Amino acid sequence: MGAGCFFETMEKISYLGQEIVRWRVGQSTFLASPEKGARLMNWNVELGDGSVRDVVYWPELKSMDDFAKTRGGNPILFPFCGRSFDQGEIYHWRAADGVRRPMPIHGIARQSDFRVTRLDGRGFAAQLVPNAEAKASYPYDYEFEVTYRFEPLALACEFTLRNLGTQPIPWSAGHHFYFTLPWSEGSKREDYLIRLPAGRTIKQDFKTGALLPGPKFQREESLGNVELSDTFHTDLKSNTIVFGEKGRPGDVTVKVGTSPVPAPGTTVVTWTADAQAPFYCVEPWMGPANACEHKTGLHWVPPGQSQNFIVEIRLA
């Protein structure tokens, strides 16, 4: 028994010929592949009536071939989120030394191997192992670690970037949580509301990378509003975002950082593939896409120092 007198177990299991890890913490079950992108795959909760609710969505796969690109779980976005551009050309960025380098969409972490540094009954920590492609995109001397901590009705995920070199390191990382939606049988996306305390919304021009003014939303907006998809919500007045089904319990609360008001530039992205997709993404980012070019939400880690970015997800 763990702290708080709830049951917890951790076991390694086989999944499509690979080894993944399953945790049971109270009424929650978490599945993850710490070595493959430090990827949380699924979070589900056993309800009081014995039914199971998927909180973090994971699709049925036939193989692990496209694991990194799977639309599900929580892909880790590092060192930059979304689409990076250099002078209008996508999949590139220009560092402080003036050199143009490649940068895949959402960065290098989700398709990278990680080395497990901690594994216990309440979560894991894993450190990115840069391959040749990662080093070409992000040629710094650093350690990037992802730490998950699981609770009966919550999880926390913390990024730590340590600068082991002699030059400042830029980053603007984030999460891509795929939340199961709708989660009640017979409900529709229009039955769900989101409260996002943003002072400004932004859209990205996918041809040039430029940031453009976004649409205006209500304080409580329906997740059925198609304009929400691919919108960046910034100038956050609070670190707490809540979404859920109108008039019913089970809201999801996303907390970005530990300060009541997040750092300037902090952004939450709302996105879904289409109106029929069985998921809706609410994504806490350190800054809008293409941060390395426009500098909004871009952070620098001085030599010999480290920085953190922490997010908590909780069920009401």
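The sections below set out a description of the structure shown in this document. Per chain, the residues get numbers from 1 upward, laid out in the order the sequence is written. Only residues with pLDDT of 70 or above have their local features reported here, since the model is predicted, and side-chain atom pairs are shown and tallied only from 80 upward, although totals for entire chains, interfaces and linings are computed over all residues. Derived side-chain values reflect all non-hydrogen atoms in the structure, with water molecules and hydrogen atoms excluded from consideration.

A closer look at the packing of aromatic side chains
Point 1. To pair, rings of Phe, Tyr and Trp, with the six-membered ring standing in for Trp, must have centres within 6.5 Å; the planes then decide the type, stacked if under 30 degrees apart, edge-to-face if over 60, and tilted in the middle. Scanning the entire structure with this criterion turns up 27 aromatic pairs.
Point 2. Judged by centre distance (5.2 Å) and plane angle (70 degrees), the ring pair of Tyr 138 and Tyr 142 falls under edge-to-face.
Point 3. Burial classification: accessible surface area is computed with a 1.4 Å probe over protein chains only, and a residue below 20% of its type maximum counts as buried, one above 50% as exposed, and the rest as partly exposed. Take Tyr 142: its relative accessible area is 10%, and that puts it in the buried class.
Point 4. Relative to Trp 271, the ring of Tyr 178 has its centre 6.3 Å away and its plane inclined at 85 degrees; by these criteria the two rings are edge-to-face. Placement of Tyr 178 in strand β17 (residues 178–180) and of Trp 271 in strand β25 (residues 267–271) is noted, with a sequence separation of 93 residues between them. The same class applies to Tyr 178 as to Trp 271, namely buried.
Point 5. Grouped by ring-pair contacts, the aromatic residues Phe 78, Phe 80, Trp 93, Tyr 138, Tyr 140, Tyr 142, Phe 144, Phe 159, Trp 171 and Phe 309 constitute a single cluster. Each helix corresponds to a stretch of at least 4 residues labelled H or I by DSSP, and each strand to a stretch of at least 2 residues labelled E; elements are numbered beginning at the N terminus.

Remarks on the environment of Arg 219
Point 1. Relative to the helices and strands, Arg 219 resides in the loop between β20 (211–213) and β21 (220–222).
Point 2. By definition, residues are in contact when any of their heavy atoms lie within 4.5 Å. Contact partners of Arg 219, with chain neighbours within four places excluded, come to Ile 194, Arg 195 and Leu 196.

Thoughts on the side chain of His 176
Point 1. Along the chain, His 176 falls in the loop between β16 (174–175) and β17.
Point 2. Each polar contact in these results corresponds to two N or O atoms within 3.5 Å; when the atoms are within protein, one needs to be able to donate a hydrogen and the other to accept it, and residues that are neighboring in sequence are counted only if both atoms are side-chain atoms. Polar side-chain contacts of His 176 include one of 3.5 Å to the side chain of Glu 283.
Point 3. Not counting the four nearest positions on each side in its chain, His 176 is found in contact with Gly 73, Asn 74, Pro 75, Leu 77, His 106, Trp 271, Cys 281 and Glu 283.

Things to note about the sheet that holds strand β28 (residues 306–315)
Hydrogen bonds between backbone atoms are what pair the strands of a sheet, whose relative direction is either parallel or antiparallel.
Point 1. Pairing is antiparallel in the open sheet, where nine strands are placed in the order β11-β12-β13-β14-β28-β24-β23-β18-β21. Either end of the sheet is taken by a strand with one partner, and the two such strands are β11 (113–120) and β21. The sheet shows a mean angle of 15 degrees between the axes of neighbouring strands, taken without regard to direction.
Point 2. As paired strands, β11 and strand β12 (residues 123–129) are joined by seven bridges and run antiparallel to one another. When the bridges of β12 are listed, Val 116 appears paired with Ala 126. Criterion used throughout: strands pair if DSSP finds at least two bridges between them. Axis angles are defined between N-to-C directions and span 0 to 180 degrees, where every axis is a line fitted to C-alpha atoms and, for a helix, only to the segment in contact.

Things to note about the pairing of strand β23 (residues 240–245)
Point 1. In terms of burial, β23 is a largely internal element, five of the six residues being buried.
Point 2. Bridge analysis of strand β18 (residues 192–195) against β23 gives four bridges, and the strand direction is antiparallel. When the bridges of β23 are listed, Ile 194 appears paired with Phe 243.
Point 3. Sheet analysis places β23 next to strand β24 (residues 252–256), joined by four bridges and oriented antiparallel. Note on β24: the bridge partner recorded for Thr 240 is Lys 255.
Point 4. The antiparallel pairing of β23 with β24 creates a hairpin that spans six residues between the two strands, and Gly 247 there sits at a positive phi of about 70 degrees.

Interpretation in functional terms is not warranted from these geometric data alone.
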